[in-house]
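Understanding the architecture of this molecule
So the chains spell out like this:
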Amino acid sequence: MGLSYNVYLNSHKIYGCKNCKAHLANHEDIISRNFRGQHGKAYLFNGVVNVTSGDASERNMTTGRHIVRDIACRQCNETVGWKYDKAYEASEKYKEGKFILEAELLCNVT
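What you are looking at is a predicted structure, and each value in this text was computed from that prediction instead of being measured.

Overview of the layout of surface pockets
It is a probe the size of a water molecule, rolled over the atoms, that shows where empty space is left. Approximately 360 Å³ is the volume attributed to the largest pocket. Surrounding the largest pocket, 20 residues form its lining, R36, G37, Q38, M61 and W82 being those nearest its centre. Every element with two or more residues in the lining of the largest pocket is listed here: strand 3 (30-37), strand 6 (57-61) and strand 8 (79-87). Of the residues forming the lining of the largest pocket, the biggest block, five residues, is contributed by strand 8.

Points about the environment of E89
Its location among the elements puts E89 in the loop between strand 8 and strand 9 (99-102). Classification of E89 by relative accessible area gives partly exposed; the value is 42%. Measuring from C-alpha to C-alpha, the distance between E89 and N60 comes to 12 Å, with 29 residues separating the pair along the chain.

Overview of the pairing of strand 7 (residues 64-73)
The two faces of the sheet receive side chains in turn, since in a regular strand these alternate between them. Both strand 5 (residues 51-53) and strand 7 contribute to a ladder of three bridges, which runs antiparallel. Bridge pairing in strand 7 links T52 to A72. Strand direction decides the pairing type here: strand 6 and strand 7, joined by five bridges, are antiparallel. Across the sheet, N60 pairs through a bridge with R65, a residue of strand 7. From the end of strand 6 to the start of strand 7, which pair antiparallel, there are two residues. Two strands pair when backbone bridges link them, and strand 7 and strand 8 are joined in this way by seven bridges, in the antiparallel orientation. Each bridged residue has a counterpart across the sheet, and for D70 the counterpart in strand 8 is W82. In this structure, the hairpin formed by strand 7 and strand 8 is closed by a connection of five residues, where N77 is found at a positive phi of approximately 70 degrees.

Re unusual backbone geometry
Positive phi outside glycine occurs at K21, with the angle close to 70 degrees. For K21, the position within the fold is in the loop between strand 1 (14-17) and strand 2 (23-26). One non-glycine residue, N77, lies in the positive phi region at around 70 degrees. Along the chain, N77 turns up in the loop between strand 7 and strand 8. Here N77 falls in the exposed class, since its relative accessible area comes to 57%.

Criteria and thresholds
Residues numbered from 1 in each chain as written. Predicted model: local features only at pLDDT ≥ 70, side-chain atom pairs only at ≥ 80, totals over all residues. Heavy atoms only, no water. 1 Å grid on protein atoms, 1.4 Å probe; cavity = no way out; pocket = protein on both sides within 12 Å on 5 of 7 lines; lining within 4 Å. Points joined across faces, edges and corners; volume = space filled by probe spheres on them. Helix = DSSP H or I, 4+ residues; strand = E, 2+ residues; numbered from the N terminus. Buried < 20%, exposed > 50% of the residue type's maximum accessible area, 1.4 Å probe, protein only. Pairing = 2+ DSSP bridges.

Following this line, the structure appears as structure tokens:
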């Protein structure tokens with residue numbers, strides 16, 4: 001498969017992994033800040049970089065049943081959030097293909 005290189009973002013505010021500072025997302029890609037994760041505040045992002053995805057699993061969350069997969073920092077393997085694969089409720093379909101990053105597991109890189 002070869003070497004995998006980190007993607008470096010160029011933005012006025014970049015969120016990175018709190019553990020290793022690898023770039024994860026641009027501030028401009030936040031869709032909503034009105035989310036909660038296991039560690040408190042969490043943000044819904046349109047896209048993220050430098051993450052690996054775990055296996056899909058069905059979870060009952062506060063907004064209903066979803067199929068999600070944990071995402072981890074590609075550089076240090078620390079879990080930083082999850083990706084929504086499928087939402088069963090029609091009102092939650094906008095989350096499909098989007099990412100949650102937990103604020104407690106992030107740092108500001110710039």
